[in-house]
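Inside the fold
Here are the chains, one letter per residue:
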Amino acid sequence: MLKGKFEPRYKIVAMPSHTNPAGNIFGGWILSCIDLAGSVAARELAPERVVTISMQEVIFKEPVFIGDIVSCYAEVSKVGTTSITVQVEVVVERLTKDNVMSCIPVTEAIVTYVSVDKEGNKKPISQELKKLRGF
């Protein structure tokens, strides 16, 4: 991924198993999708392993329903010595009453990851990878 470009990172159909006791798609499941998409983008700069250290305010703008196709788009926005900040946008594809597919933005988040080695110790991000990705 190059700097300044959102790319699709994760796509899944919302299923009945993703609902809460009230029958709505569980917000925690959507957060999990966001985290997975962001980590895929971050791993391009830290291929060994990344861990999530923060997720900034997430506002659910629209509900997600069973059967919606949930797509998460991610863009690396900032790279530090060991940290990688990723902007993630979530859009659903939904069939309208007129049988037309509609794309609806449902949420977004800024997620920060840290590059770590196999033992979980912080690992500096390669200068070569930073340069290759435009940072």
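Check the entry above for the structure.
Residues numbered from 1 in each chain as written. Predicted model: local features only at pLDDT ≥ 70, side-chain atom pairs only at ≥ 80, totals over all residues. Heavy atoms only, no water.

Side note on helix H1 (residues 27–42)
Basically, it comes down to this: Where helices and strands are cited, they refer to DSSP runs of H or I of at least four residues and of E of at least two residues respectively, numbered from the N terminus. Here, expected helix span is obtained from the residue count minus one, scaled by 1.5 Å. Exposure classes here rest on a 1.4 Å probe applied to the protein chains alone. A residue is buried below 20% of its type maximum, exposed above 50%, and partly exposed in between. Any two residues whose heavy atoms approach within 4.5 Å at even a single point are treated as in contact.
Taking 1.5 Å per residue as the helical rise, H1 with its 16 residues ought to reach 22 Å, and the 22 Å between its terminal C-alpha atoms agrees with that figure. Among the residues making up H1, those that are buried are Trp-29, Ile-30, Cys-33, Ile-34, Ala-37, Gly-38, Ser-39, Ala-41 and Ala-42. Contact partners of the buried residues in H1: strand E1 (7–13), strand E2 (50–55), strand E3 (69–79), strand E4 (83–95) and strand E5 (101–115).

Description of the pairing of E4
Applicable threshold: In this analysis, strands are considered paired if DSSP registers two or more bridges between them.
Where E3 lies against E4, 10 bridges are found, and the strand directions are antiparallel. From the neighbouring strand, Ala-74 faces E4, where its bridge partner is Val-88. The hairpin formed by E3 and E4 contains three residues between the paired strands. The pairing of E4 with E5 spans 13 bridges and is classified as antiparallel. Bridging across to E5, Gln-87 finds its partner in Ile-110. From the end of E4 to the start of E5, which pair antiparallel, there are five residues, and Asn-99 there has a positive phi angle of about 60°.

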